[in-house]
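# Fold and contact review
This is what each chain is made of:
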Amino acid sequence: MKLHFNKTTEGDIQVQMDKGTILSEFDYIEMLKQLSQNNQIESDWGNLEDNERSKIEELLEKIKNAVKSGLDKPLE
């Protein structure tokens, strides 16, 4: 899965994601679905500053670890 980050002129961070060959608006459920199939995230950081990128990388790593932890547990 690949996420595309970009900062708008208002200073907001916009996120889009690859869904197959289509670039679409970010969807948290779709992200978790894709992570459950392949727990990898690629990122296109666009015009984000280093400190913003660093914080988002930390968050993405925590999400990947949580998904991995959930996948390692047997279903009840």
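Parameters at a glance
- Residues numbered from 1 in each chain as written.
- Predicted model: local features only at pLDDT ≥ 70, side-chain atom pairs only at ≥ 80, totals over all residues.
- Heavy atoms only, no water.
- Helix = DSSP H or I, 4+ residues; strand = E, 2+ residues; numbered from the N terminus.
- Polar contact = N/O pair within 3.5 Å; in protein donor to acceptor, adjacent residues only side chain to side chain.
- Phe/Tyr/Trp six-rings, centres within 6.5 Å; stacked < 30°, edge-to-face > 60°.
- Buried < 20%, exposed > 50% of the residue type's maximum accessible area, 1.4 Å probe, protein only.

## Section: the side chain of Glu 52
Mapped onto the elements, Glu 52 comes out in helix H2 (residues 50–72). Here Lys 7 takes part through its side chain, which lies 2.6 Å from a polar atom of the side chain of Glu 52.

## What about the packing of aromatic side chains?
Across all of its chains, the model carries 1 aromatic pair by this definition. With a centroid separation of 4.8 Å and 10° between ring planes, the pair formed by Phe 5 and Trp 45 is classed as stacked. Highlighted residues: Phe 5 in strand S1 (residues 2–7) and Trp 45 in the loop between strand S4 (42–44) and H2, separated in sequence by 40 residues. Each of the two residues, Phe 5 as well as Trp 45, counts as buried.

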